[in-house]
Amino acid sequence: MRMRKVEPRFQELVDERALLAAFEEMLEAADGAPSKVRNAFVTRLRGVREAALARIEEWLLAERAGLMAAARLSHVQDALIRVLATVATRYFYPADNPSSAEHIAVLAVGGYGRGTLAPGSDIDLLFIRPYKTTAWAESVVEWILYALWDMRLKVGHATRTVDECIRLSRADLTIRTSILESRLLWGEKVLFDELMRRYEDEVEANSAAEFISAKLAERDERHRRQGQSRYLVEPNVKEGKGGLRDLHTLFWIAKYYYRVHTSEELVSKGAITRADLKLFRKCEDFLWSVRCHIHFVTGRPEERLSFEIQREIGTRLGYRDHPGMQDVERFMKHYFLVAKDVGDLTRIICADLEEHNVKKTPRLHWLFRGGEKKRLALKGTEDFVVEHDRVTMADPQVFERDPVNLIRAFHYADKHDMAFHPDLMTLIRGSLRLITQKVREDPEANRVFLEILTSRTRPELTLRRMNEAGVLGRFVLEFGRVVALMQFNMYHHYTVDEHLMQAIGVLGEIERGESSDYMLAHKLMQTVQNRKLLYIATFLHDIAKGRPEDHSAGGARIARRLCPRFGLTPAETETVAWLVQHHLTMSMTAQSRDLGDRKTIADFASIVQSPERLKMLTILTVADIRAVGPGVWNGWKAQLLRTLYFETEPVLSGGHSQESREERVEAARKALVERLSGWPEKERERYLARHYPAYWVRVDLERQVAHANLIRAMDKGKRRIDATVEIRPNAGVTELTLIAPDHPRLLCIVFGACAAAGANIVDAQIFTTSDGLALDSIYLSREFSDDEDEMRRANRIAARIETALGNAEPLPDAMVRRGQAKPPRAFHLETEVLVSNAWSDRYTVLEVSGLDRPGLLYDLTRAIGDLNLNVASAHIATFGERAVDVFYLTDLVGQKIVHPSRQAAVRRRLTLAFEQGRTPKASEASARVAELA
């Protein structure tokens, strides 16, 4: 949008006349030699700009007017460029009697051309010269640019004639867009006017469809790079879906098509209503506020709203804590609602362009379309028809006549696999008030909604349309509370409502068998007696987020209230409520408990109680984990869930399982034998005997083969220690496999060596062979995007571990210094240490949870060693910023820790290790390293 009106405070920021007078005073003091004062004057201008930015930041904090802040920043930059251009042409390169070629115009283009800037934005300039280049013009342009660079500004620039601008605009979309919003800053207005006249006549004329198609293709590619969802929890405010660039794209295409210069003209042209314009400005003002604050806080042109700064930005914007929601979560909820409004505006503009035959197909492909409107009957209803392969209303009173049609519209679209006509979506958004409590309780409305939710086609697509239109949150008010609700943690990648949509989508993929990642879940889905209960539970499992109470218990309470409304029987309602209440139980058990311990299985079975519930909980758990975000679901977690399922199923079926534990162990051994067919038989048998049953049921076949070949190579080379690495790009981690003689300090040394190398451990799987070898798989956060770079880093870590275990040199002090790095400052979690003898019949289970940080596992295992405790198994899990580390322990004689005072000592020492490890004393660090050495 153009913002050229003069605002009173603009004059307080920079005074052009005073700056020119100051230059003349400096020039006089230097005996009239401009070159002597050039650097001092540029330094002064930089100071003026910095002071102006400080004032603008103060006003932004007080007024919270982002668009005005962006306009003020642009005004400051305009003034400084005009001063520089005047000084350059008046004092450095004066042209007393300029020829026709010695004229120039300085234009602001691109985003700067709109008259808005963020503190760290690039300054995009276009220098327009007459028909040929002269030494004078080159000197002036060069002088201005060098001055701007010396002011530490990033400048994008080009010097062209009008002819060159027109020719390049026709061929290059970026140049065409930049000139679309060009603005004269200084110089020959005749050149600027000629450019604008010819641009409108020779570039814009008869090219609207081409321009719009190209800009939307550009937008789609940008969304693909940034992430298709507008509900990513660390959004890019400028380039992300629902961000400023989307708003600018809307204005570009509307301006290009309607040949207007201001947003007000779009209203007069009928492209948008005044209410839409108000929403546009409201969204733009909010996004500019956020963007300017990000730049001020970070001191650089950062566009990503990362966890590190979200809380501070929210505080600057005035958000405060509410019961069940942190201040930062309230801020981010507002952000995502604005992003949703941007999406609504996109559809509005598209709908109007559709009426003018600029846009063609129903799925946002922009091509030519002609012919008259043809309406076809839609089977099963007289209220809706088909127009150009899209569902639309038969008449404008369709919802006033029967508000349940607001639900039926989506059902018909799903049933016939059709998109919505823009006119229908506009009418739906304008009719949301009709969804009253009477409609919510209407049996027909709920029956139709349940058919949408449990559709065998693509239910998540229809539900997402309902959510975008605002219908879903009005029909299910509890869902409306989690719309755009962000969970302020590093584990979840999406807002709560988007996570629920993603989970429904994954459940559909599981049912259709579309991915080999969910083979067990797909197999179980075919045998589930009532599939609709799974879809309802998936839809409701996080619906109580953002409340003061535990969301699992709160979700179960909501399920008991909603399910009868959906038409479920009391027994079905109780099943759904149970699934919601325990939707995290299987995941936590699989990742943080010893699945080879019979007590673990017995306790889990006592919660589940029936084979049917076990099947449904397994499927729900898979969908939930996969919907968290890219890279969260991996083969290891799939294997853990399979193990837990197959360990529990015989307990619940009274021993009449389709596949017993012994049968699964034997099947795994046979599968490995087939893969090791080239080994001598006796060698194979000796190798098979080295592993305990837990190994066979918890490790997938491919990793078993890799382990076998590694151990065989070690045996032949008579090596006792080896570490190998493998890049796992799909999971976003690097796997390090370690084989070494087991001993009490092994884990401590390994984790310490990782800390010394700056490696962050996100997961680990620990096994021991019957002949005393430790077989550990350690998963490290990936540091480099390039596989070769990451492999070199991983090999350095493996070599450091081998050196430390071989005791060739003592572990360096750097291990502790790097290992005790501070955790992410954006998060604050309380440390919790639990010591339980009830979770295992043989071991004391120690569970430590809290804020993850580099070196944490080293500190914990070092403390366990100091307490003279043996680690039988360790289960390392990371959920974003939260670490949950579980150790199965005994004392030195193999007994549980039963004395209360000893348990209290364990809790104190582990809590101290967790907390003090963040800022270790050098003396303590040296002492610990000496102990390990």
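Here's what I pulled together on the structure shown here. (Residues numbered from 1 in each chain as written. Predicted model: local features only at pLDDT ≥ 70, side-chain atom pairs only at ≥ 80, totals over all residues. Heavy atoms only, no water.)

1. Details of the overall build of the chain
So, step 1. Scanning the chain from terminus to terminus reveals 42 helices and 16 strands.
So, step 2. The proportion of buried residues among the 933 residues of the chain is 58%. (Helix = DSSP H or I, 4+ residues; strand = E, 2+ residues; numbered from the N terminus. Buried < 20%, exposed > 50% of the residue type's maximum accessible area, 1.4 Å probe, protein only.)

2. As for the side chain of Thr618
So, step 1. For Thr618, the position within the fold is in helix α31 (residues 611-626).
So, step 2. Beyond its immediate stretch of four places on either side in the chain, Thr618 contacts Leu520, Leu524, Met586 and Tyr645. (Contact = heavy atoms within 4.5 Å.)

3. Description of the sheet that holds strand β14 (residues 844-851)
So, step 1. Read from one edge to the other, the open sheet built from eight strands follows the order β9-β10-β12-β11-β15-β16-β14-β13, with strand pairing classed as antiparallel. The two strands at the open ends of the sheet, each matched to only one other strand, are β9 (722-728) and β13 (832-836). Taken pair by pair, the neighbouring strands of this sheet meet at an average axis angle of 20°, ignoring direction.
So, step 2. Here β13 runs beside β14; their pairing, made up of five bridges, is antiparallel. In the sheet register, Val833 faces β14, and the bridge partner there is Val848.
So, step 3. Of the strands in this sheet, β15 (869-879) and β16 (882-891) touch helix α29 (residues 585-592), which is tilted by about 135° from β15.
So, step 4. Along the sheet face, helix α37 (residues 746-756) touches β10 (733-741), β11 (761-768), β12 (773-781) and β15 and points at about 25° away from the line of β12. (Pairing = 2+ DSSP bridges. Axes fitted to C-alpha atoms, helices over the stretch in contact; angles between N-to-C directions.)

4. A look at helix α33 (residues 661-675)
So, step 1. Taking 1.5 Å of rise per residue, 15 residues should cover 21 Å, and α33 covers 21 Å from first to last C-alpha, within 8% of that figure.
So, step 2. Turning to α33, its buried residues number three or more, namely Arg661, Arg664, Val665, Ala668 and Leu672. Considered in projection along α33, the buried side chains sweep an arc of 100° and stay on one side of the axis. Exposed positions of α33 whose direction lies more than 90 degrees from the buried face are Glu662, Lys670 and Glu674.
So, step 3. Looking at the buried side of α33, the elements it contacts are α30 (598-608), α32 (635-652), α34 (681-688), α35 (693-698) and α36 (701-716). (Expected span 1.5 Å × (residues − 1). Arc of directions from axis to C-beta.)

5. Overview of the sheet that holds strand β3 (residues 155-160)
So, step 1. The strand order across the open sheet built from four strands is β3-β2-β1-β4, with neighbouring strands paired in mixed fashion. What marks the edges here is a single partner per strand, and that holds for β3 and β4 (183-187). On average, adjacent strands in this sheet sit at an angle of 25° to one another, irrespective of strand direction.
So, step 2. Pairing between strand β1 (residues 105-108) and strand β2 (residues 123-128): four bridges, direction antiparallel. Counted as the bridge partner of Val106 is Phe127 from β2.
So, step 3. Its contacts with the sheet put helix α6 (residues 135-150) on β2 and β3, and the angle it makes with β3 is roughly 175°.
So, step 4. Helix-sheet contacts for helix α9 (residues 189-204) involve β1, β2 and β4, and the interaxial angle to β4 is about 155°.

6. Description of the nonpolar core
So, step 1. Core analysis: the biggest nonpolar cluster contains 225 residues, and Ile428 and Phe449 have the highest contact counts within it.
So, step 2. If you tally residues by element for this core, the top one is helix α4 (residues 66-92), at 15 residues.
So, step 3. Judged by nonpolar contacts, the second largest core, of 49 residues, contains Cys754, Val835, Leu846 and Ala883. (Core = buried A, V, L, I, M, F, W, Y, C linked by side-chain atoms within 4.5 Å.)

7. Some thoughts on unusual backbone geometry
So, step 1. A positive phi angle, close to 60°, is found at Asn206, a residue other than glycine.
So, step 2. Phi is positive for Arg259, close to 55°, though the residue is something other than glycine.
So, step 3. Using a relative accessible area of 38% as the deciding quantity, one classes Arg259 as partly exposed.

8. Digging into the packing of aromatic side chains
For any two aromatic rings, the description comes down to two numbers: the centre-to-centre distance and the angle of the planes.
So, step 1. Scanning the entire structure with this criterion turns up 24 aromatic pairs.
So, step 2. Centroid distance Phe384 to Phe399: 6.2 Å. Interplanar angle 50°. Geometry classified as tilted. Here the residue Phe384 occupies a position in strand β6 (residues 384-387), and Phe399 occupies one in helix α16 (residues 398-401), the gap between them amounting to 15 residues.
So, step 3. For Phe384, a relative accessible area of 1% translates into the label buried.
So, step 4. Among the residues examined, Phe399 registers a relative accessible area of 1% and is labelled buried.
So, step 5. In this structure an aromatic cluster arises from ring pairing among Phe23, Phe41, Tyr91, Phe92 and Trp143.
So, step 6. Here the guanidinium or amino end of Arg593 rests over the ring plane of Trp839, the centre of that ring lying 4.1 Å away. (Phe/Tyr/Trp six-rings, centres within 6.5 Å; stacked < 30°, edge-to-face > 60°. Lys NZ or Arg CZ within 6 Å of the ring centre and 35° of its normal.)

9. Overview of the side chain of Ser777
So, step 1. Here Ser777 lies in strand β12.
So, step 2. Reaching out from Ser777, the side chain makes a polar contact with the side chain of Arg703 at a distance of 2.8 Å. (Polar contact = N/O pair within 3.5 Å; in protein donor to acceptor, adjacent residues only side chain to side chain.)

10. Notes on the environment of Leu427
So, step 1. Relative to the helices and strands, Leu427 is located in helix α18 (residues 422-429).
So, step 2. Put simply, Leu427 and Phe399 are 28 residues apart on the chain and 8.6 Å apart in space, counted from C-alpha to C-alpha.
So, step 3. Not counting residues up to four positions away in its chain, the partners in contact with Leu427 are Met393, Pro396, Val398 and Phe399.

11. Describing the pattern of salt bridges
So, step 1. Enumeration according to the criterion identifies 60 salt bridges in this entry.
So, step 2. Between Arg129 and Glu164 there is a salt bridge, with the nearest N and O atoms lying 3.3 Å from each other. You can see Arg129 sitting in the loop between β2 and α6 and its partner Glu164 sitting in helix α7 (residues 162-171), a full 35 residues away along the chain.
So, step 3. Its relative accessible area of 10% is what places Arg129 among the buried residues.
So, step 4. Here Arg311 ties to Asp327 by a salt bridge, and the two come within 3.6 Å at their closest N and O atoms. (Salt bridge = Lys/Arg side-chain N within 4 Å of Asp/Glu carboxyl O.)

12. Section: the packing of helix α27 (residues 551-565) against helix α28 (residues 570-581)
So, step 1. Between α27 and α28, whose axes approach to 8 Å, the crossing angle comes to 160°. By the criterion of interaxial angle, the relationship of α27 to α28 is roughly antiparallel. The chirality of how α27 crosses α28 is right-handed. On α28, the residues touching Ser552, Gly555, Ala556, Ala559, Arg560, Cys563 and Pro564 of α27 are Thr573, Glu574, Val576, Ala577, Val580 and Gln581.
So, step 2. The residue makeup of the contact of α27 with α28, split by class, is seven nonpolar, four polar and two charged. (Parallel < 35°, antiparallel > 145°, perpendicular 65-115°, else oblique. Left-handed = near helix turned anticlockwise from the far one by under 90°. Nonpolar A, V, L, I, M, F, W, Y, C, P; charged D, E, K, R; others polar.)

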